Amino acid sequence: MTNDIYYLCRLKKNLSMPHPVQIKNALISVYYKDNLEPIIHELNRLGVKIYSTGGTETFIRGLGVDVIAVEDLTSYPSILGGRVKTLHPKVFGGILARRNFESDEQQLAQYDIPEIDLVIVDLYPFEETVRANAEEDDIIEKIDIGGISLIRAAAKNFKDVVIVASKKDYPDLEDLLKAQNGETTIDQRRVFAHRAFNITSHYDTAIFQYFNQEEPLPVFKESIQSSQVLRYGENPHQKGTFYGELDAMFTKLHGKELSYNNLVDVDAAVALIDEFTDPTVAILKHTNACGIATRTFIKEAWIDALACDPVSAFGGVIIANDEINAETATEISRIFYEVLIAPAYTDEAVSILKEKKNRIILIRQPVTLPAKQFKTLLNGVIEQDKDEVIEGPEQMTTVTKKQPTDHELRDLFFANKVVKHTKSNTIVFAKNNQLLASGVGQTSRVDSLKQAIIKANSFGFDLKGAVMASDAFFPFPDCVELAAEAGILAVLQPGGSINDKLSIEMCDQKNISMVTTGIRHFKH
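Because the structure is a prediction, the values reported are computed rather than measured.

Outline the packing of helix H5 (residues 89-96) against helix H9 (residues 146-156), supporting the account with residue identities and numerical values.
One can describe the packing of H5 onto H9 by two numbers: an axis separation of 8 Å at closest approach and a directional angle of 25°. Considering their axes alone, H5 and H9 lie roughly parallel with respect to each other. Together, Val 91, Phe 92, Ile 95 and Leu 96 of H5 and Gly 146, Ser 149, Leu 150, Ala 153, Ala 154 and Lys 156 of H9 make up the contact between the two elements. Within the contact of H5 with H9, the residues separate by chemical class into 7 nonpolar, 2 polar and 1 charged.

This is the structure we're talking about:
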């Protein structure tokens with residue numbers, strides 16, 4: 001029994017029961033009949049009169065339990081191919097009647113309408129039908145009318161009626177029926193109503209989203225039913241919750257639960273690694289890559305990714321796009337990290353990695369990720385398309401006298417992938433498909449450049465022959481001048497500054513090449 005229902009059952013034992021209702025009549029009409037049988041037998045034991053329709057009625061009769069067809073109650077058959085079955089005053093009157101209103105009771109008696117104290121109804125599988133890429137006619141037929149109307153009616157009248165709108169709530173109902181012999185409190189009915197309105201709200205949102213794909217209305221609606229309470233938010237004094245199905249995306253092999261900050265870094269890591277197809281390993285800290293390399297083998301990629309900044313790699317998130325073998329696992333285990341993600345691991349690699357107690361080891365599963373991004377801001381929400389554009393050599397336009405070599409173009413492509421996923425203002429240095437250094441999140445681009453040069457030098461990287469990528473244009477030629485003096489041979493930037501000419505002229509003066517892409521990749 002779930003905690004809130006259990007608490008309310010305990011409350012019943014210790015206090016006088018507020019506004020008790022004895023279930024005498026029940027309406028049951030469900031699409032999913034899993035685990036319904038015990039409830040039917042319990043209602044039968046309690047002498048509850050059951051009304052039902054269609055397949056549910058047949059199911060109940062098959063259990064040897066008496067059931068009254070809704071058609072016999074309403075004197076109307078199911079019509080329009082089943083579109084109209086329960087939409088009738090004799091059904092809704094019995095659900096919506098207020099037991100403490102004398103006029104309502106008089107009208108029930110006048111029209112021979114039974115009070116319905118329990119409604120068990122679920123909804124047609126609309127979302128499942130959409131996900132199955134069914135024809136539109138089939139999808140439309142899965143828009144429930146009677147079911148959602150019954151749920152809303154029963155939930156509205158929770159003072160007198162119990163509504164069970166999901167098979168997930170069957171165990172709670174069964175426990176209540178047994179523990180209280182068919183009697184419920186208003187607090188318990190309110191809990192069920194609360195859950196029911198969550199179901200109807202989510203269902204309506206799913207239908208709206210289906211219709212809102214072409215020429216969408218300018219409204220914001222999202223509904224996610226799965227959630228996971230986190231240890232805390234960004235800081236220990238903040239509460240945190242993840243909404244979504246983490247288990248669908250990751251299989252956890254080892255370690256504690258992901259924290260709020262882990263999840264933010266993991267999201268950034270997934271976005272970055274998805275830019276690469278050849279064996280690649282990236283190490284991220286505070287959503288920025290502090291190391292990344294592409295190599296023929298995953299072990300080599302790990303060694304060269306770590307070499308970029310072994311200091312920042314401590315406590316970071318590691319992600320690979322290829323299987324982790326025993327040799328690679330041994331190398332990775334030499335440092336402390338928070339999370340390791342890969343599409344697969346050998347059994348020996350898993351054994352090695354599990355030797356470290358507090359490491360989170362995840363297998364990434366193939367899941368389609370959202371094409372939209374949103375977050376709360378001020379007194380509202382902002383939404384944007386996910387940045388899914390990346391410019392390769394074919395989209396690079398040489399604007400200098402000197403042409404970049406094919407090798408430099410490949411390195412520029414690598415650097416452009418990294419700079420796209422790094423906090424602005426950012427400068428990235430790369431050579432031979434390896435990140436050498438980056439300047440991250442500075443308030444001026446030249447400061448990012450200086451930071452990158454200092455980091456490259458501190459870890460012994462020679463920038464001679466390396467390339468540089470910038471997430472946005474250069475407002476002045478100082479960045480190009482400093483980069484050339486550090487040994488950079490080719491530069492990538494989106495272009496678009498009124499001072500582009502000055503940076504291009506500086507490149508020509510320093511005999512280095514520059515390409516523009518026409519696409520900016522700010523990341524705030």
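Mind laying out the sheet that holds strand S12 (residues 288-294), listing which residues take part and the relevant values?
Judged by pairing direction, the sheet is mixed, and its 6 strands sit side by side in the order S10-S15-S14-S13-S11-S12 without closing on themselves. This sheet does not close on itself; its edge strands, each paired only once, are strand S10 (250-254) and S12. Neighbouring strand axes in the sheet, compared pairwise and without regard to direction, differ in orientation by 20° on average. Bridging between strand S13 (residues 316-320) and strand S14 (residues 337-342) involves 4 bridges; their strand directions are parallel. Across the sheet, residue Gly 316 finds its bridge partner in S14, namely Tyr 337. Strand contacts of helix H13 (residues 260-273): S10, strand S11 (280-285), S12, S13, S14 and strand S15 (360-364), with the helix running at about 150° to S11, the strand carrying the most contacts. Packing against the sheet, helix H14 (residues 298-308) makes contact with S11, S12 and S13, and its axis sits at approximately 30° to S11.

Could you give an account of a negative patch on the surface, with specific residues and numbers?
Among the surface-exposed residues, Glu 135, Glu 136, Asp 137 and Asp 138 lie close enough to one another that they form a single negatively charged patch. Mapped onto the secondary structure, Glu 135 falls in the loop between helix H7 (126-131) and helix H8 (136-141).

So, the pattern of salt bridges: which residues are in play, and what are the values?
Counted under the stated rule, the structure contains 20 salt bridges. Asp 117 is the salt-bridge partner of Arg 99, the closest N and O atoms lying 3.2 Å from each other. Taken together, the residues span a long stretch of sequence, with Arg 99 in the loop between H5 and helix H6 (102-110) and Asp 117 in the loop between H6 and strand S5 (118-121) at a distance of 18 residues. The two residues Arg 99 and Asp 117 agree in class, both being buried.

Before we move on, can you summarise the packing of aromatic side chains with the specific residues and values?
Remark: the centre distance and the inter-plane angle together describe each pair of aromatic rings, the angle taken between the planes. According to the stated counting rule, one finds 8 aromatic pairs in the structure shown. Centroid distance Tyr 31 to Tyr 124: 6.2 Å. Interplanar angle 70°. Geometry classified as edge-to-face. Taken together, the positions of Tyr 31 in the loop between strand S2 (25-29) and helix H2 (37-45) and Tyr 124 in the loop between S5 and H7 put the pair 93 residues apart, joining distant regions of the chain. Consider the rings of Phe 220 and Phe 374, whose centres lie 4.8 Å apart with planes at 70°: the pair is edge-to-face.

Hey, could you go over unusual backbone geometry for me, with residue numbers and the actual values?
A cis amide bond, omega -15°, links Ser 424 with the succeeding residue Asn 425. With respect to the helices and strands, the residue Asn 425 is situated in the loop between helix H17 (406-420) and strand S19 (427-430). The backbone of Asn 35 sits at a positive phi, close to 60°, despite the residue not being glycine. Residue placement: Asn 35 occurs in the loop between S2 and H2. Backbone geometry at Thr 287 places phi at a positive 75°, although glycine is not the residue there. With respect to the helices and strands, Thr 287 occurs in the loop between S11 and S12.

Parameters and conventions
Residues numbered from 1 in each chain as written. Predicted model: local features only at pLDDT ≥ 70, side-chain atom pairs only at ≥ 80, totals over all residues. Heavy atoms only, no water. Axes fitted to C-alpha atoms, helices over the stretch in contact; angles between N-to-C directions. Helix = DSSP H or I, 4+ residues; strand = E, 2+ residues; numbered from the N terminus. Parallel < 35°, antiparallel > 145°, perpendicular 65-115°, else oblique. Contact = heavy atoms within 4.5 Å. Nonpolar A, V, L, I, M, F, W, Y, C, P; charged D, E, K, R; others polar. Pairing = 2+ DSSP bridges. Patch = residues over 30% accessible without salt bridge, like charges linked within 9 Å, V, L, I, M, F, W, Y side chains within 5 Å. Areas by Shrake-Rupley, 256 points an atom, 1.4 Å probe, with all protein chains shown as cover. Salt bridge = Lys/Arg side-chain N within 4 Å of Asp/Glu carboxyl O. Lys, Arg positive; Asp, Glu negative; His and termini not counted. Charge placed at Lys NZ, Arg CZ, Asp CG, Glu CD. Buried < 20%, exposed > 50% of the residue type's maximum accessible area, 1.4 Å probe, protein only. Phe/Tyr/Trp six-rings, centres within 6.5 Å; stacked < 30°, edge-to-face > 60°.

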